[in-house]
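Listed here are the chains, written in short residue letters.
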Amino acid sequence: MASKQPFTDSDTADEAVRATCDDASTCKRFATSKGYWTDLYAQYFVRQIGERKAPEINRGYYGRVRGMNLLIDAFLKKTQCDCQVVNLGAGLDTTFWRLKVEKIMPKKFFEVDFQMIVSSKVRHHRTKPPLSKPLIETHSTDSLLLDGHSLDSDRYCIIGADLRDLPALEEKLKKFQINPELPTLFLSECVLVYMTPEKSSKLLNWVADTFPTAMFINYEQVNMNDRFGQIMIENLQRRQCNLAGVDVCQSLDSQKERFLSAGWESVNALDMMTVYSMLPWEDVARIERLEFLDEKELLHQLLQHYCICWAVKDKLSLGLSQIGF
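Remember, predicted model here, so these are calculated numbers, not experimental data. (Residues numbered from 1 in each chain as written. Predicted model: local features only at pLDDT ≥ 70, side-chain atom pairs only at ≥ 80, totals over all residues. Heavy atoms only, no water.)

Trainee: Lay out the packing of helix α5 (residues 115-127) against helix α6 (residues 129-137) with the relevant residues and their values.
Mentor: The N-to-C vectors of α5 and α6 enclose an angle of 85°; their axes lie 6 Å apart at closest approach. When the axis of α5 is compared with that of α6, the two are roughly perpendicular. Here α5 contributes His124, His125 and Thr127 to the contact with α6, which in turn contributes Pro129, Leu131, Ser132 and Leu135. Among the residues forming the contact of α5 with α6, the class breakdown is three nonpolar, four polar and no charged. (Axes fitted to C-alpha atoms, helices over the stretch in contact; angles between N-to-C directions. Helix = DSSP H or I, 4+ residues; strand = E, 2+ residues; numbered from the N terminus. Parallel < 35°, antiparallel > 145°, perpendicular 65-115°, else oblique. Contact = heavy atoms within 4.5 Å. Nonpolar A, V, L, I, M, F, W, Y, C, P; charged D, E, K, R; others polar.)

Trainee: How would you summarise the environment of Leu169 if you had to cite specific residues and measurements?
Mentor: Assignment of secondary structure puts Leu169 in helix α7 (residues 166-175). When the C-alpha atoms of Leu169 and Val112 are compared, they prove to be 8.6 Å apart, with 57 residues separating the residues in sequence. Excluding residues that lie within four positions of it along the chain, Leu169 makes contacts with Val112, Ala161, Leu163, Leu203 and Trp206.

Trainee: Outline α7, listing residues and values.
Mentor: All of the buried residues along α7 are Leu166, Leu169 and Leu173. Relative to the axis of α7, the buried residues are bounded by an arc of 60° and lie together on one face. Looking at α7, the residues exposed on the side facing more than 90 degrees away from the buried face are Pro167, Glu171, Lys174 and Lys175. Once α7 finishes, Gln177 follows within two positions and takes phi at roughly 65°, a positive value. (Buried < 20%, exposed > 50% of the residue type's maximum accessible area, 1.4 Å probe, protein only. Arc of directions from axis to C-beta.)

Trainee: I'd like a rundown of the environment of Tyr276, residues and numbers included.
Mentor: Position of Tyr276 among the secondary structure elements: in helix α11 (residues 272-278). A residue is classified by how much of its surface remains accessible, and Tyr276, at 10% relative accessible area, is buried. Taking the C-alpha atoms as reference, Tyr276 lies 8.8 Å from Arg66; in sequence the two are 210 residues apart. With near-sequence residues (within four places) excluded, Tyr276 lies in contact with Arg59, Tyr62, Gly63, Val284, Ile287, Glu288 and Leu303. Within the local environment of Tyr276, its side chain forms a polar contact with the side chain of Glu288, the two groups lying 2.9 Å apart. (Polar contact = N/O pair within 3.5 Å; in protein donor to acceptor, adjacent residues only side chain to side chain.)

See below:
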């Protein structure tokens, strides 16, 4: 009988990172229950609404979701949906189902995450018809390629892989027919920050080298060298969650430089305070009426410590560099 492998510090760190998936999903579920935005599918991944979240957290997630969606939709419009999307560290994200409802689906939507998270998401697909029906409706044969480790259909694929292991990641994406010649949108939300700068740099280099027409949207921490940033780091460390890539999160310039040095042609970055101020004002006014916010200063501090950074390569000259807020 094989001896049980010892549980390492690396395992503990990865487990803490996986737990952030549940945190984000729970926060999004609560915010949608309060009416910040509509997500018809979050309920199938997170049944319980859970304990109340502070209004500044809800507004922060609103800015995150709205900001990411605006850039995603702009890419799909530029490419006329003749493209593919790869969501790295997708967690329990529901973007594929939103795009299906809104009839702006790419040719194929890939999700990648730790095997444990993928297995959980595949179970949801198997047992909840509202999740599986959109997959079947966009599939050309009677059966989906489905096992405990992955799920593949004509328009949607979910893969268990470690983003730090590029050869394995590339092999699995090829297995499920990713097409490097198609315009490709890569998404990551609070993912790269959990990888060492060396590992995330290799990932960004690989994407830039492999996909000549591509856009990468990254949402994560910024301005982490001030006191508020240090408190954020300490809070995560108490949960054994180490921000291995925090050195790249010192400023908007450091966020942009990581892409430029990895071979991307152009890059933009905005802190979430700026993004929030650029969202459609009618909808912002609507969500700000949902809950009274006593401490606006805390919301401002939170928004100033997250950013959206987007980089492009545009061999097909689609005008991807024009995408923005």
